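Chain by chain, the residues:
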Amino acid sequence: MRSWTTYELAKQVQRSLSWFWPRAERKLYEEPKRLVADGLATASAESTGKRPKTVYAITDAGRDELRRWLDEPSAPRAGEFEAMIKVFFADAGSIDQLRTTLRRVAEEATQRIEALGELTAGIAVEPTFPERLHLNALTVRLQLDQELSILDWARWADAQVASWAATDDPGDWDTRAQLAATVADCRTASRAVGP
């Protein structure tokens, strides 16, 4: 989109890509150097006052590689969600720990929805890259839908767990009925989208 320092790249990624492509900040500082080594970017020494900085820009070969990559099938979607690991292994802890985890998931989803709303409002009023606004609208919508889904699930799960005797004893909660309903929902959704 434009030339960036690694600091600017890292900040831009935090504002945008990190919502759906989280990367360690350390990697964001290493990657431009690799792109330069591969001839896909250039590095120019500049300065702000007495402070030196390196500004990276994409090369024609880099744009060609980007276009080629856009043609490739994407890797399967992957997600990292530590709270779900805690839910999955909750039988090693207490019901209070499980409910706290579920409530924290709901709180985080709420915070992320609010942050996404603020970010989107800012982009809509003063877009940094107005020529890309339509692409922002597509990606933000999916992120919102995911956060709303997580919020809905966390509230549902907390309500279900409220009747459990313990994390290893769901009491009268009908696990088989819940699983059967999930299977039915999967099949209905699969038929709706078709092959």
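In this text the structure is predicted, and so the values were computed from the model without any measurement.

Scoring rules and cut-offs
Each chain has its residues counted from 1, following the order in which its sequence is written. Local features in this predicted model are restricted to residues whose pLDDT is 70 or higher, and side-chain atom pairs enter the listing and the counts only when it is 80 or higher, whereas totals over whole chains, interfaces and linings include all residues. Working from all heavy atoms in the structure, the side-chain values ignore hydrogens and water. Here a patch means residues that are over 30% exposed by relative accessible area and free of salt bridges, tied together within 9 Å if like-charged and within 5 Å if nonpolar (Val, Leu, Ile, Met, Phe, Trp, Tyr). Areas reported as accessible are Shrake-Rupley estimates using a 1.4 Å probe. Residue values count occlusion only from the protein chains shown. The rule for a salt bridge is simple: a side-chain nitrogen of Lys or Arg has to be within 4 Å of a carboxyl oxygen of Asp or Glu. Charge assignment: positive for Lys and Arg, negative for Asp and Glu; neither His nor the chain ends contribute. To locate a charge, take NZ of a lysine, CZ of an arginine, CG of an aspartate or CD of a glutamate. By definition, any uninterrupted DSSP run of H or I lasting at least four residues is a helix, any uninterrupted run of E lasting at least two residues is a strand, and each is numbered from the N terminus. The rule is simple: take the accessible area with a 1.4 Å probe, protein chains only, and divide by the maximum for that residue type; under 20% is buried, over 50% is exposed, in between is partly exposed. It only takes one pair of heavy atoms within 4.5 Å for two residues to be counted as in contact. Strands qualify as paired when DSSP identifies two bridges or more between them. A fitted line through C-alpha atoms represents every axis, and for helices the fit uses only the stretch in contact; the resulting angles, taken between N-to-C directions, go from 0 to 180 degrees. Orientation categories follow fixed angle ranges, with anything under 35 degrees roughly parallel, anything over 145 roughly antiparallel, 65 to 115 roughly perpendicular, and all other angles oblique. Crossings are assigned a handedness: left-handed for a near helix turned anticlockwise from the far helix by less than a right angle, right-handed for a clockwise turn. Polarity classes work like this: nonpolar for Ala, Val, Leu, Ile, Met, Phe, Trp, Tyr, Cys and Pro, charged for Asp, Glu, Lys and Arg, and polar for all others, with Gly in that last group.

1. So, a negative patch on the surface
Among the surface-exposed residues, D91, D168, D169 and D172 lie close enough to one another that they form a single negatively charged patch. Note that D172 resides in the loop between α6 (133-161) and α7 (175-193). Judged by relative accessible area, which is 81%, D172 ranks as exposed.

2. Section: the pattern of salt bridges
Counted under the stated rule, the structure contains 10 salt bridges. Here R141 and D145 are joined by a salt bridge, their closest N and O atoms 2.7 Å apart. Of the two residues, R141 and D145 both sit in helix α6, 4 residues apart, roughly one turn of that helix. Each of E31, R34 and D38 takes part in salt bridges that share partners, so that together they form one network.

3. Observations regarding the environment of F129
Relative to the helices and strands, F129 is located in the loop between α5 (95-125) and α6. Look at F129 and you get buried, because its relative accessible area is 11%. For the pair formed by F129 and M1, sequence separation is 128 residues and the distance between their alpha carbons is 8.1 Å. Those residues within four positions of F129 in sequence are excluded, and the remaining contacts are M1, R2, W4 and Q12.

4. Structural notes on the sheet that holds strand β1 (residues 4-5)
Taken together, 3 strands build an open sheet; the order of strands is β1-β3-β2 and the sheet is antiparallel. On the outer flanks of this sheet lie β1 and β2 (41-48), each paired with one strand and no other. Inspection of the sheet shows β2 paired to strand β3 (residues 51-58) by 8 bridges, in the antiparallel sense. Paired with A43 across the strands is Y56, a residue of β3.

5. With respect to the packing of helix α1 (residues 6-15) against helix α2 (residues 25-37)
Where α1 contacts α2, the two axes come as close as 9 Å, and the packing angle between them is 130°. By the angle between their directions, the pair α1 and α2 is classed as oblique. Here the hand of the crossing between α1 and α2 comes out right-handed. Each of T6, Y7, L9, A10, V13 and Q14 in α1 lies in contact with α2, whose residues at this interface are E25, L28, Y29 and P32. Considered class by class, the residues forming the contact of α1 with α2 number 7 nonpolar, 2 polar and 1 charged.

6. Some thoughts on the side chain of T5
With respect to the helices and strands, the residue T5 is situated in strand β1. When sequence neighbours within four positions are dropped, the list of residues in contact with T5 reads K53, T54 and V55.

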